[in-house]
Amino acid sequence: MNFFSEDKLSHMLVARKPEQHGTSVCVGSAEGKKLFIGGGKPVVIAGPCALEAEEEALSLAKGLKELGVSIFRAMLFKPRSSPYSFQGLGEAGLSILDEIKKQTSLLLLSEVCSEREADLTAPHADILQIGTRNMSNFELLKHVGRLNRPIVLKRGMGASIIEWLNAAEYILAEGNPNVILCERGIKTFELYTRFTLDISAIPAVKELSHLPIIADPSHASGRRSLITPLSRAILASGADGLMVEVHQSPQNSLSDAKQALSLNDFIELKKSVQVFL
Ligand code: PEP
Ligand code: MN
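Worth saying up front: this structure is predicted, and the values here are computed from it rather than measured.

Over its 13 residues, helix 2 (residues 54–66) runs 18 Å from end to end, which matches the ideal 18 Å to within 8%, given 1.5 Å per residue. Of the residues making up helix 2, those classed as buried are Ala57, Leu58, Leu60, Ala61, Gly63 and Leu64. Buried-residue contacts for helix 2 involve strand 3 (43–47), strand 4 (71–73), helix 3 (94–104) and helix 10 (263–273).

What follows concerns the pattern of salt bridges. Per the stated rule, a full pass over the model turns up twelve salt bridges. Here aspartate 216 and lysine 154 are joined by a salt bridge, their closest N and O atoms 2.7 Å apart. Of this pair, aspartate 216 sits in the loop between strand 9 (213–215) and helix 8 (217–221) while lysine 154 is found in strand 7 (residues 151–154), placing the two residues 62 residues apart along the sequence. Of the two residues, aspartate 216 and lysine 154, neither departs from the other in class, the shared state being buried. When salt bridges that share partners are traced, they join Arg155, Glu183 and Asp198 into one network.

Let us now look at the side chain of serine 110. Looking at where serine 110 falls in the secondary structure, it is placed in strand 5 (residues 107–111). Judged by its relative accessible area of 0%, serine 110 is buried. One polar contact links the side chain of serine 110 to the main-chain carbonyl oxygen of alanine 74, over a distance of 2.5 Å. Setting aside anything within four residues of it in sequence, one finds serine 110 in contact with Ala74, Met75, Leu76, Leu97, Thr121, Ala125, Ile127, Leu128 and Gln129.

Criteria and cut-off values
- Residues numbered from 1 in each chain as written.
- Chains lettered and ligands numbered in written order.
- Predicted model: local features only at pLDDT ≥ 70, side-chain atom pairs only at ≥ 80, totals over all residues.
- Heavy atoms only, no water.
- Helix = DSSP H or I, 4+ residues; strand = E, 2+ residues; numbered from the N terminus.
- Expected span 1.5 Å × (residues − 1).
- Buried < 20%, exposed > 50% of the residue type's maximum accessible area, 1.4 Å probe, protein only.
- Contact = heavy atoms within 4.5 Å.
- Salt bridge = Lys/Arg side-chain N within 4 Å of Asp/Glu carboxyl O.
- Polar contact = N/O pair within 3.5 Å; in protein donor to acceptor, adjacent residues only side chain to side chain.

Shown next, in the form of structure tokens:
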């Protein structure tokens, strides 16, 4: 059965041409700290589901920096499934991003859900994230394609690999070549885990595309206990990085508490994946 047209894919900007090496995406600015994702050592991105308060965010960022994290999740705009759940600090939190940068010089990743949020956030963050719920928001994809920031593009929870690569194509076609794909689990009939981490997507994307690919075991599993073993699987399968949720006090996290790691859990995770880093 033909699952998708590989012929069409071969003409796309995201496609890996024969003999083509994987792309390294440069994160950070010429003046500040720089880091490459893809083609080298895997990167570890960590931080809370959402920023909640400045003091805790700063102390968590400092703690994670000491543990070797180079990119901090600094999320302000949360696309929640329920309108009654915590929606993030929003615009009011932008100054926290500046303060974290000033005090830690960590690279910052922040999610945006609209063109307006992208314009507001870009001056304060090193990487913009398009989450699973916006992978098919084509106007947003085109908009971030015109911005001078690397983009982490998460896989739509119901998207095939080819649909996901087409979403990335929207960004590249507008002139932004700096896209990092992120596998974050897809919907299946399995209910024990929040989603199903599609490990095969990692080598499949490597085969089809030159873009770097990372994976997020936190949203994929929704369960703290599964994050370390899944992280090993992600890195063993050749991913260019890992993104995990860490909270100072996981049980008090305003969002995704069941999947948040404590700093101690994160130390154990780091030990367990050290062989890949
Ligand atoms: C996130 O990384 O903060 C997030 C909301 O993830 P996803 O879009 O994969 O659900
Ligand atoms: Mn989350």
